[in-house]
Amino acid sequence: MTKTTGQEAPRLAADCNTKSTSVGSRRSDIGFFLVTGGLSASFVVLIALLLLADIAFASFGQFANVISKPEILASVRLTLLSCSATTIMGLWVAVPLGYLLARFRFPGRWVIDTLVDIPIVLPPLVLGLSLLILFHLPFGHWKLEHWFSNEAGLAITYNWPAVLLAQFTVSCAFAVRTMRVTFEQLDPRAEDVARTLGCTRGQAFLQVAMPQSRRGMVAAATIAWARALGEFGPILVFAGVTRMRTEVLSTSVFLELSTGQLDAAVAVSLLMVGLAMVVLLILKVFGPGKSQ
Amino acid sequence: MHRTALLLGGSLICLAILIGLIANHARVKDEGGSDGRIMIYCAASNQAVMEAVVADYLRDTGRVVQTQYGPSQALLSQLAISRRGELFLPADDSYVAMAKEKHLVSQSFPIANMRIVVVVPKGNPKSIHRFSDLLRPDVRLVQANPETAAIGKLTRETLRISGDWHDLDQATTAYRTTVTDVANDVLLGAADAGVIFDAVLQSYPELEAIDVMPLQLATSRIEVGVVLGTSRHDAAIAFVDYLQAPQHGQQTYLQFGFQSLADDD
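Residues numbered from 1 in each chain as written. Chains lettered and ligands numbered in written order. Predicted model: local features only at pLDDT ≥ 70, side-chain atom pairs only at ≥ 80, totals over all residues. Heavy atoms only, no water.

## Observations regarding the overall build of chain A
As a reminder, the rule being used: Note on conventions: DSSP H or I runs of at least 4 residues are helices, E runs of at least 2 residues are strands, and numbering of each starts at the N terminus. Exposure classes here rest on a 1.4 Å probe applied to the protein chains alone. A residue is buried below 20% of its type maximum, exposed above 50%, and partly exposed in between. Residue burial considers only the protein chains on display, and all accessible areas are found by Shrake-Rupley using a 1.4 Å probe.
Each helix and strand in chain A was counted, giving 14 helices and zero strands. Along chain A, helices and strands appear, N-terminal first, in the series α-α-α-α-α-α-α-α-α-α-α-α-α-α. Counting every position in chain A, which comprises 292 residues, the buried fraction comes to 41%. In the form shown here, chain A has an accessible surface area of approximately 15,700 Å², with 69% of it arising from carbon and sulfur atoms.

What follows is the structure, encoded as structure tokens:
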């Protein structure tokens with residue numbers, strides 16, 4: 001919401017006074033809450049109904065059976081580890097990139113700004129395909145995948161690094177967007193003052209900007225973790241869905257669905273919802289600036 | 001500065017620990033099987049049976065088989081881009097022929113057969129008995145996409161020969177990516193009838209198959225192709241032998257409702 005300027009305020013006050021009495025005002029308040037509440041409820045109720053439908057579809061016995069399967073336990077483990085790792089990797093990139101985009105005007109800035117958003121707008125399967133092509137595109141006799149597997153001893157495609165890379169590509173883009181908005185909302189004067197007091201630009205960033213952006217970092221971590229959890233398309237294409245190896249919960253749902261185990265797929269989906277709620281709750285409780 | 005440095009250092013240590021745990025997670029799963037580990041591109045219609053065969057193979061030989069599931073055409077595209085993996089098992093041998101034409105596959109071996117059936121909820125509530133019933137306006141019919149899935153392609157080819165394709169195409173409510181998506185739609189009640197392979201029905205006890213002419217004449221032959229130039233050729237052939245062995249792969253394929261090689265001719 002924009003602030004009311006000095007010129008607008010008297011006009012606004014006059015407008016409001018002429019159009020509403022105190023009783024009329026209360027009535028219009030009820031109308032306001034009915035409209036906003038109704039619109040808000042349409043979305044909240046839809047999500048609640050989706051969850052209720054899932055719960056009604058999967059029996060408790062089935063849920064217990066599914067989550068005790070070794071494949072699903074391995075999938076939960078890899079999901080928690082990979083989502084957490086990609087969140088940290090994402091923050092390491094998102095904080096400096098978001099800061100640069102928010103604070104500085106430099107040649108080619110708009111190109112970088114656009115490129116950063118591409119993983120957000122690109123269809124997930126295309127992103128997976130692009131990763132696959134990147135690692136297997138021959139440059140003469142040289143291929144990125146061969147270099148990693150021969151020189152670094154680490155096969156990427158259809159292995160765990162592909163899971164991390166696929167999750168990182170998407171979740172980092174969301175984290176960058178969040179951090180950029182965070183730094184844009186922070187007043188740069190505090191950093192300028194720090195620099196007049198003898199801080200270098202790096203010190204101003206580390207000692208002033210970063211501590212001030214902690215709430216944004218928690219928000220970025222939350223959204224990055226959640227995006228990594230739900231990532232499916234790029235993992236399917238680039239990492240494959242090998243049970244107990246590259247299987248994460250989103251691909252577990254696909255595997256169960258593909259073998260006709262609909263109740264198992266729903267049970268895994270509910271597990272994902274539960275995990276996401278627990279992690280988001282932890283971040284809200286322990287993050288700076290606790291929200292209600 | 002102290003807190004920021006602590007945060008930066010702590011996050012790096014956490015990241016190192018997490019990556020170490022992920023690498024260890026993959027290493028533990030590889031134990032005893034990394035030498036002969038192969039990767040197979042497998043059609044979604046064969047996913048349930050392949051899961052069982054791969055588990056048996058690991059138990060019997062200690063060797064790991066990585067699997068990549070999806071629609072046959074999508075798998076062929078993935079193979080063409082990555083040129084990784086050892087085996088390619090689409091839902092129909094025409095895709096193996098295409099892979100051979102593109103010099104992606106060197107040799108192929110027959111595994112089993114599947115037949116096309118129309119699937120409906122148990123009890124056949126919409127009384128679908130013949131091809132003309134599928135064209136009724138009150139019947140919501142779903143099919144697999146002929147451009148991506150073997151069954152869609154085979155259905156189209158079969159009905160083009162009999163001259164019925166146009167009518168079925170017009171009567172189709174939606175095209176789905178894989179044959180299992182079609183079966184799931186019928187199971188959930190999003191469709192009244194679907195065209196699937198008989199072997200897929202094994203995973204859906206709540207559904208029943210209806211033989212409908214001329215679709216019932218369409219049979220898909222499943223072949224597995226060995227990826228050209230794979231460095232694990234011997235390991236790949238060992239798994240093919242296991243798939244073809246009557247006491248191993250063939251028995252499992254039979255259990256999952258496929259027609260075995262012995263039924264040929």
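So, next bit.
## Overview of unusual backbone geometry
Here the amide bond leading from Met213(B) into Pro214(B) is cis, since omega sits at 0 degrees, within 30 degrees of zero. You can see Pro214(B) is positioned in the loop between strand S8 (207-210) and strand S9 (219-227). Backbone geometry places Tyr158(A), a non-glycine residue, at a positive phi of 65 degrees. Counting through the fold element by element, Tyr158(A) comes out in the loop between helix H7 (144-151) and helix H8 (160-185). With relative accessibility at 1%, the residue Tyr158(A) sits in the buried group. Non-glycine residue Ser127(B) carries a positive phi angle of around 50 degrees. One can find Ser127(B) in the loop between strand S4 (105-121) and helix H5 (131-134).

## Section: the confidence of the model for chain A
Low-confidence regions, as indicated by low pLDDT, have predicted coordinates that should not be scrutinised in detail. The cut-off we apply is this: Each residue carries a pLDDT score, the predictor's own confidence in it, on a scale running from 0 to 100.
Put simply, chain A has an average pLDDT of 84, and 89% of its residues get 70 or more. When pLDDT is averaged over each element of chain A, H8(A) comes out on top at 94 and helix H1 (residues 8-19) of chain A at the bottom at 63.

## Here we look at the pattern of salt bridges
Residue and element names in this part refer to chain A. Keep this limit in mind: Note on definitions: salt bridges are taken to be side-chain nitrogens of Lys or Arg within 4 Å of carboxyl oxygens of Asp or Glu.
Within the structure shown, the criterion is met by 19 salt bridges over all chains. Lysine 69 is the partner of glutamate 256 in a salt bridge, and the nearest nitrogen-oxygen pair spans 3.1 Å. Within this pair, whereas glutamate 256 is found in helix H13 (residues 249-258), its partner lysine 69 is found in the loop between helix H3 (60-67) and helix H4 (70-103), the two being separated by 187 residues in sequence. Accessibility expressed as a relative area gives 2% for glutamate 256, which makes it buried. Taking relative accessible area as the criterion, lysine 69 reaches 26% and is therefore assigned partly exposed. Put simply, glutamate 184 and arginine 180 hold a salt bridge, and the shortest N to O gap is 2.8 Å. Note that glutamate 184 and arginine 180 are positioned in helix H8 at a spacing of four residues, about one turn of the helix. For glutamate 184, a relative accessible area of 41% puts it in the partly exposed group. Where salt bridges share partners, they join Asp113, Asp117, Arg177, Arg180 and Glu184 into one cluster.

## Structural notes on the domain arrangement of chain B
All names here are of chain B. As a reminder of what qualifies: In this entry, domain limits derive from an automatic or database-based domain assignment. The criterion used for residue contact is that any of the two residues' heavy atoms lie within 4.5 Å. When two parts are brought into contact, each loses some accessible area as probed by a 1.4 Å sphere; the total of that loss over both is the buried area.
The assigned domain composition of chain B is domain 1 (33-112 + 222-263) and domain 2 (114-219). The straight-line distance from the C-alpha centre of domain 1 to that of domain 2 is 26 Å. Facing 19 residues of domain 1, the contacting portion of domain 2 comprises 18 residues. Both faces considered, domain 1 and domain 2 share a buried interface measuring about 1,300 Å² in area, 58% of it formed by carbon and sulfur atoms.

## As for the environment of Gly257(B)
Residues and elements named next belong to chain B. Following the sequence through the fold, glycine 257 ends up in the loop between helix H10 (249-255) and strand S10 (259-260). In this structure glycine 257 comes out as partly exposed when scored by relative accessible area, which is 27%. In this structure the C-alpha to C-alpha distance between glycine 257 and isoleucine 222, which are 35 residues apart in sequence, comes to 13 Å. Once residues lying within four places of it in the same chain are set aside, the contact partners of glycine 257 are Asp198, Ala199 and Gln202.

## Quick look at a nonpolar patch on the surface
This is how it is decided: Residues forming no salt bridge and having over 30% relative accessible area are the ones grouped into patches, like charges within 9 Å of each other and nonpolar side chains (Val, Leu, Ile, Met, Phe, Trp, Tyr) within 5 Å.
Taken together, Trp110(A), Val111(A), Leu115(A), Ile118(A), Ile120(A) and Val121(A) make up a surface patch of nonpolar side chains, about 580 Å² in accessible area. Along the polypeptide, Trp110(A) turns up in helix H5 (residues 109-121).

## Structural notes on the side chain of Arg103(A)
Residue and element names in this part refer to chain A. Stated precisely, the cut-off is as follows: Counted as a polar contact is a pair of N or O atoms within 3.5 Å, where, for protein atoms, one must be capable of donating a hydrogen and the other of accepting one, and residues adjacent in sequence contribute only when both atoms are in side chains.
Of note, arginine 103 is situated in helix H4. A relative accessible area of 19% means that arginine 103 is categorised as buried. Engagement of the side chain of arginine 103 in a polar contact is seen with the backbone oxygen of phenylalanine 183, the distance being 2.7 Å.

## Quick look at the environment of Leu257(A)
Here Leu257(A) is to be found in helix H13. Leu257(A) sits 68 residues away from Arg189(A) along the chain, and the two C-alpha atoms are 54 Å apart. Leu257(A) has contacts with Leu262(A), Ala265(A), Thr180(B), Asn184(B) and Tyr204(B), leaving out every residue within four places of it along the chain.

## Looking at the packing of H4(A) against H8(A)
Residue and element names in this part refer to chain A. Put simply, the rule reads: Comment: axis = line fitted to C-alpha atoms, over the contacting stretch for helices; angle = value between 0 and 180 degrees taken between N-to-C directions. Two helices that cross are described as forming a left-handed crossing if the nearer one is turned anticlockwise from the farther one by less than a right angle, and a right-handed crossing if clockwise. Polar here means any residue outside two lists: the nonpolar Ala, Val, Leu, Ile, Met, Phe, Trp, Tyr, Cys and Pro, and the charged Asp, Glu, Lys and Arg; Gly therefore counts as polar.
Running from N to C, H4 and H8 cross one another at 40 degrees; their axes reach a closest spacing of 6 Å. The handedness of the crossing between H4 and H8 is right-handed. Here the residues of the contact of H4 with H8 sort into 18 nonpolar, six polar and three charged.

## With respect to the nonpolar core
Residues and elements named next belong to chain B. What counts here: We call a set of buried Ala, Val, Leu, Ile, Met, Phe, Trp, Tyr and Cys residues a nonpolar core when their side-chain atoms join them within 4.5 Å.
One finds Met50, Leu89, Phe239 and Tyr253 to be the most contacted residues of the largest nonpolar core, which totals 127 residues. Shared between two domains, this core takes at least three residues from each, and those domains are domain 1 (33-112 + 222-263) and domain 2 (114-219). Leaving out residues up to four positions away in the same chain, leucine 89 has contacts with Ile40, Tyr41, Cys42, Ala43, Asn46, Met50, Ile111, Ile222, Glu223, Val224, Leu243 and Tyr253.

## Topic: the interface of chain A and chain B
Taken together, the contacts link 43 residues of chain A with 42 residues of chain B. Together, the buried faces of chain A and chain B total about 3,800 Å²; carbon and sulfur atoms form 66% of this surface. Summed over the shared surface of chain A and chain B, the number is one salt bridge. Of the charged contacts, one joins Glu145(A) and Arg84(B) as a salt bridge, the two residues approaching to 3.4 Å between their closest N and O atoms. Going through the elements one at a time, H4, helix H6 (124-136), H8, helix H10 (201-212), helix H11 (214-230), helix H12 (233-239) and H13 of chain A are the ones with two or more residues in the side of chain A that touches chain B. The biggest single contributor to the side of chain A that touches chain B is H4(A), with ten residues.

## Observations regarding the packing of aromatic side chains
Operational definition: Any pair of Phe, Tyr and Trp rings, taking the six-membered ring for Trp, is counted once the centres come within 6.5 Å. Such a pair is stacked with planes under 30 degrees apart, edge-to-face with planes over 60 apart, and tilted for the rest.
Applying the stated criterion across every chain yields a total of 14 aromatic pairs over all chains. Plain terms: the ring middles of Tyr99(A) and Phe183(A) are 5.1 Å apart, the flat faces sit at 80 degrees to each other, and that makes the pair edge-to-face. Taken together, the residues Tyr99(A) in helix H4 and Phe183(A) in helix H8 connect sequence positions 84 residues apart. By relative accessible area, Phe183(A) is classed as buried at 0%. Note on Tyr253(B) and Phe258(B): the rings are 4.8 Å apart at their centroids and 70 degrees apart in plane angle, and the pair reads as edge-to-face.

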